[in-house]
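Per-entry structural report
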Amino acid sequence: LNCAPGPPTPLSILVRIEHNFFVLQKKYDLIAFIFSCSFVSLSIHSPSLSVPGPCEPEDLIDGIIFAANYLGSTQLLSERNPSKNIRMMQAQEAVSRVKSPEGDAQTLTEVDLFISTLRIKVLNADTQETMMDNALRTISYIADIGNIVVLMARRRMPRTASQDCIETTPGAPEAKKQYRMICHVFESEDAQLIAQSIGQSFSVAYQEFLRANGINPEDLSQKEYSDIINTQEMYNDDLIHFSNSENCKELQLEKHKGEILGVVIVESGWGSILPTVILANMMNGGPAARSGKLSIGDQIMSINNTSLVGLPLATCQGIIKGLKNQVQVKLNIVSCPPVTTVLIKRPDLKYQLGFSVQNGIICSLMRGGIAERGGVRVGHRIIEINGQSVVATAHEKIVQALSNSVGEIHMKTMPAAMFRLLTGQETPMYI
């Protein structure tokens, strides 16, 4: 939970959902029992009854108060599972909307920020009137930027249609729907401490949940889990596949001036050994398809000697769009199957899996856990578990199948965006 050394700046924004909440993944398991959304997740649990953090766990159960200035709230539209970069930009956008420019007077209200394992309340410091009251589980992300704290909460949706969910196109797939994110902005000298305390509240709440269900948190020690991890080798077909020179190709494609390449590309997924883009679809009769040299699933390493490795998807798309007036394109690719093979080694049910899944899509992944070692990638759709197709399987049954699996767990996955294209759930936008 420690911050990087040096004074925090907007460029070093720490999005606490990554560092304190889901990846309390570094230490604590925030599974569906807390978030009420049936995630399959894992973390390493503290062997001590006292949870590391700036506060005494007993104090967080009762509740603690920080002094702060409330600067205001704003509303943003967000996809269901935005990337880490987008989360950072959302927090910065909220601050830029609410905080007055330097030199201008800032409207603010002195408040008491009440934090407990059950809720976060904002009280007017003078009147003690409740201004906001949010259940802890409704907080989606929290970020600190210098002395600014941003609390971000996505409104929960009922089963019926809601105005909180806005579809850009009728019948849009789940990942493309836009949700209203409420962002509350505070100023405090204890901004870092507030963020850490909220993170600690989640972990204390989880341990209380374990005890209430007859599970001793001490039974799931960090050392024991670390020992298991240290005995496991990293499994990933990519290691073998990428090192085979027969799979690495340099291709020359011919095209007409003004003609698009005719491809759809998607991200390989966080957790992949080589972060680059994957060929997800080709336009019939387009230059890529005409060449007969490319296949869906191929990973594109470079275009015209410009490396795509590690670049954001939008940047890679921009590079491809810039080829429109060229008549020859040189591609360096690694021929890959569209489906990724995963092998998770789970010696006992008490070791949770180390990733979360929602509607068949892997949403988050614990760094260094058994799932990452097994080749699990964020943003991938699970196609198969232990030889059984789960393409048409309900979310709850996927969760149950994963939760009850022990020993070697074999999975097949592919990027969710590619899955939607191949199954006709999404119309390809060729570039």
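Quick look at the structure, then. Here the structure is a predicted model, which means the values were calculated and not measured. (Residues numbered from 1 in each chain as written. Predicted model: local features only at pLDDT ≥ 70, side-chain atom pairs only at ≥ 80, totals over all residues. Heavy atoms only, no water.)

1. Focus on the pairing of strand S16 (residues 340–346)
The condition that has to hold: Exposure is judged per residue with a 1.4 Å probe applied to protein chains only, and the accessible area is read against the type maximum: over 50% gives exposed, under 20% gives buried, and values in between give partly exposed. Secondary structure elements follow DSSP: runs of H or I of four or more residues count as helices, runs of E of two or more count as strands, with numbering from the N terminus. Note on pairing: DSSP must find at least two bridges between two strands before they are called paired.
Burial runs high along S16: five of the seven residues are buried. As paired strands, S16 and strand S21 (residues 407–415) are joined by seven bridges and run antiparallel to one another. The residue of S21 that forms the bridge with Ile-344 is Ile-409.

2. Notes on the environment of Leu-123
Counted only if it meets this: Residue contacts follow a heavy-atom distance rule, with two residues in contact if any of their heavy atoms lie within 4.5 Å.
Along the chain, Leu-123 turns up in strand S4 (residues 119–124). On the accessibility criterion, Leu-123 (10% relative accessible area) is buried. Taking the C-alpha atoms as reference points, Leu-123 and Val-111, twelve residues apart in sequence, are found 5.4 Å from one another. Setting aside its immediate chain neighbours within four residues, Leu-123 contacts Glu-110, Val-111, Asp-112, Gln-128, Glu-129, Thr-130 and Met-131.

3. Remarks on empty space enclosed by the protein
This is how the line gets drawn: A pocket here means an open set of points on a 1 Å grid, computed over the protein atoms alone, that has protein on both sides within 12 Å along at least five of seven lines. A cavity is instead a set of points where a 1.4 Å probe fits but cannot get out; residues with an atom within 4 Å of a point line either one. Grid points are joined across faces, edges and corners, and a volume is the space filled by probe spheres set on the points. The nonpolar class holds Ala, Val, Leu, Ile, Met, Phe, Trp, Tyr, Cys and Pro. Asp, Glu, Lys and Arg form the charged class, and all remaining residues, Gly among them, are polar.
Following the criterion strictly, the structure yields three cavities of 30 Å³ or more and no others. Put simply, the second largest cavity is a space of about 50 Å³. Looking at the second largest cavity, the residues that line it are Leu-261, Val-263, Leu-279, Leu-294, Ile-300, Ile-303, Ile-320 and Leu-331. Its residues assigned to classes, the lining of the second largest cavity comprises eight nonpolar, no polar and no charged.

4. Structural notes on unusual backbone geometry
Positive phi, normally seen in glycine, also occurs at Asn-304, with a value near 50 degrees. Mapped onto the secondary structure, Asn-304 falls in the loop between strand S13 (299–303) and strand S14 (306–307). For Asn-304, a relative accessible area of 27% corresponds to the partly exposed category. Despite not being glycine, Asn-386 has its phi angle at roughly 50 degrees, a positive value. With respect to the element layout, Asn-386 can be found in the loop between strand S19 (380–385) and strand S20 (388–389).

5. As for the packing of aromatic side chains
Given two aromatic rings, one states the distance between the centres and the angle between the planes to describe the pair. Going by this rule: What counts as a ring pair is set by centres within 6.5 Å for rings of Phe, Tyr and Trp (its six-membered ring), and what kind of pair is set by the plane angle: stacked under 30 degrees, edge-to-face over 60, tilted for all other angles.
Counted by the stated rule, this structure contains one aromatic pair. Considering the side-chain rings of Tyr-70 and Phe-186, the 5.5 Å spacing of their centres and the 50 degrees angle between planes classify their relative orientation as tilted. Here Tyr-70, found in strand S2 (residues 64–78), pairs with Phe-186, found in strand S9 (residues 178–187); they are 116 residues apart in sequence, far enough to count as distant. By the burial criterion, Tyr-70 is buried, and Phe-186 matches it.

6. Considering the nonpolar core
The condition is simple: Among the buried residues, those of types Ala, Val, Leu, Ile, Met, Phe, Trp, Tyr and Cys that are joined through side-chain atoms within 4.5 Å form a nonpolar core.
Within the largest apolar cluster, 25 residues are counted, with the highest numbers of intra-cluster contacts made by Leu-113, Ile-115, Ile-120, Phe-186, Ile-194 and Ile-198. Of all elements in the fold, only S2, strand S3 (109–115), S4, strand S7 (148–154) and helix H5 (191–212) reach the threshold of two or more residues within this core. Per-element accounting of this core gives the leading share, six residues, to H5. Those residues in contact with Leu-113 that sit more than four places away from it in its chain are Ile-64, Ile-65, Phe-66, Ile-120, Lys-121, Val-122, Phe-186 and Ile-194. Counting residues in hydrophobic clusters, the runner-up holds 20 residues, among them Val-263, Leu-279, Leu-323 and Ile-333.

7. Description of the pairing of strand S17 (residues 355–358)
Regular strands place their side chains on alternate faces of the sheet. A two-sided burial pattern is seen for S17, the buried positions comprising Phe-355 and Val-357 on one face and Ser-356 and Gln-358 on the other. Where S17 lies against strand S18 (residues 361–365), four bridges are found, and the strand directions are antiparallel. Counted as the bridge partner of Phe-355 is Leu-365 from S18. Between S17 and S18, which follow one another and run antiparallel, lie two residues, and Asn-359 among them has a positive phi close to 55 degrees.

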